[in-house]
Structure formats: C-alpha cells, structure tokens
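Here is how the chains run, residue by residue.
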Amino acid sequence: MMGGMAGLEGMEQPRPRSDPAAARWGIHGDLPDADRRPSLAPCGPVSAALDLVGDPTLGEVRLPSRPQSAGIARRLTASVLLKQWSLTPQLAEHAVLLVSELVGNAVRHTGARTFGLRMLRRRGWIRIEVRDPSRGLPCLMPVQEMDTSGRGLFLVDTLSDRWGVDLLPRGKTTWIEMRVADR
C-alpha cells in the first residue's frame, strides 16, 4: 500500500465540479496551488507560519505528517481566525482544538507522508478541511469506551456545528464547520 502512495505526494486532487460541498462553498477545481516552500521547525509568531508554509485560505497548504506539524496547523488556524477573519478568541480557541484533532488523526492513523489544510469562509460559517491520502474513516466512539484516546471525534462532534468526511478518488477530506457571527 505504501508503495502505491509514493508518487502521490504533491498531487492535487481537485474536487469534481458536481461536488455539492464545492458548490455550496463556491470552491472550484481551479484554486491556485498552495505555496510549497519547505516547512521549517515551528518558531516565531503566528504570522511567520503563514509566511513559511502558505495561506490556507488561498489554497491547500501541504504539511509533512509529523507531530510537529500539528503546532504549525494550530498557529495557522489562530492566525487566520484572529488576524484575517477577526473572529472571537473563544471561537479561535475551539477551532485550534479541532484542527489539532483532525491533524492528529491524519498524522497518527493514515501512514501518509503529507496532509493538506484548507480554510474557507462564507456568510455565517467557517469551514476547515484536512485532506490525507487514506480512505480509512475516523470513528466516533461512545463516551464510555474512551479512556485516554478516542476523545478526539467526541470533541469534534461537541465543538463543531457540523463535521464530516468526503471520500475522494485517492484519500479523504475530513472537515468541520462552525457558525460565526458576521460583524
């Protein structure tokens, strides 16, 4: 299985134009590719993360599937929500937690070399997507079965207004949507 994915890194999977989520969010297959400068060890202020890896509101940002990437993804999320979109610290905090969980799942469970992060905004909503090349679906476990692990999707279910998984020809996109007050 791993051998089959070797050539996948860096390949974009544009959504088919008939994708209802794409239509609802005004997403088209012709989004510009994310800036692909190499990602460096996390350091510096949040805006530095945007400068290093690209802006996830313009196109998908690709990050290596390593635990350190969760920190970069969290800083990108905080930077976009607080600085670019001027949303509340409370909302940003929840979104950062959710991104942490989605990225953690992609890094821990997919065996992929990279994952993609994208953020979208439309009236009254934000949407955050994490794409990876595995078609394995995340499971929402009943609360009583959870010890130290398995809380992630329970958290996602609690803090987001909607979440889901879109299967792609190669891999999947796990997404969360949160209601926002447009000021």
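Residues numbered from 1 in each chain as written. Predicted model: local features only at pLDDT ≥ 70, side-chain atom pairs only at ≥ 80, totals over all residues. Heavy atoms only, no water.

**Quick word on the nonpolar core**
In this structure, L81, V103, M119 and I126 are the most contacted members of the largest nonpolar core, which totals 31 residues. When contributions to this core are tallied by element, the ones reaching two or more residues are β1 (61-64), α4 (68-84), α5 (89-109), β2 (114-122), β3 (125-132), α6 (152-159) and β5 (172-179). The residues contacting M119, other than those within four sequence positions of it, are P56, T57, L76, T77, V80, L81, W85, R127 and I128. (Core = buried A, V, L, I, M, F, W, Y, C linked by side-chain atoms within 4.5 Å. Buried < 20%, exposed > 50% of the residue type's maximum accessible area, 1.4 Å probe, protein only. Helix = DSSP H or I, 4+ residues; strand = E, 2+ residues; numbered from the N terminus. Contact = heavy atoms within 4.5 Å.)

**With respect to the packing of aromatic side chains**
Scanning the entire structure with this criterion turns up zero aromatic pairs. Geometry around W175 places R127 over its ring, the cationic atom sitting 4.4 Å from the centre. Seen from the ring of W125, R162 lies directly overhead, with NZ or CZ sitting 3.8 Å from the centre. (Phe/Tyr/Trp six-rings, centres within 6.5 Å; stacked < 30°, edge-to-face > 60°. Lys NZ or Arg CZ within 6 Å of the ring centre and 35° of its normal.)

**Notes on α5**
Over its 21 residues, α5 extends 30 Å from the first C-alpha to the last, a length consistent with the 30 Å expected when each residue adds 1.5 Å. Turning to α5, its buried residues number three or more, namely L91, A92, A95, V96, L98, V99, L102, V103, G104, N105, A106 and V107. (Expected span 1.5 Å × (residues − 1).)

**Brief notes about the pattern of salt bridges**
Within this structure, the stated rule accounts for eight salt bridges. Notably, a salt bridge pairs E60 with R62, separated by 3.2 Å at the nearest N-O pair. The same class applies to E60 and to R62, which are both buried. Across the salt bridge formed by E129 and R127, the nearest N and O atoms sit 2.7 Å from each other. Residue classification places R127 among the buried positions, given a relative accessible area of 0%. Salt bridges sharing common partners tie together R118, R127, E129, R162, D166 and E177. (Salt bridge = Lys/Arg side-chain N within 4 Å of Asp/Glu carboxyl O.)

**Remarks on the confidence of the model for the protein chain**
Across the protein chain, the average pLDDT comes to 75, with 64% of residues at or above 70. Contacts from residues 1-20, a stretch scored under 50 in pLDDT, to residues over four places away or in other chains number 32 contacts. The model gives residues 26-45 a pLDDT under 50, and that stretch makes 39 contacts with residues more than four places away or in other chains. (pLDDT = per-residue confidence, 0-100.)

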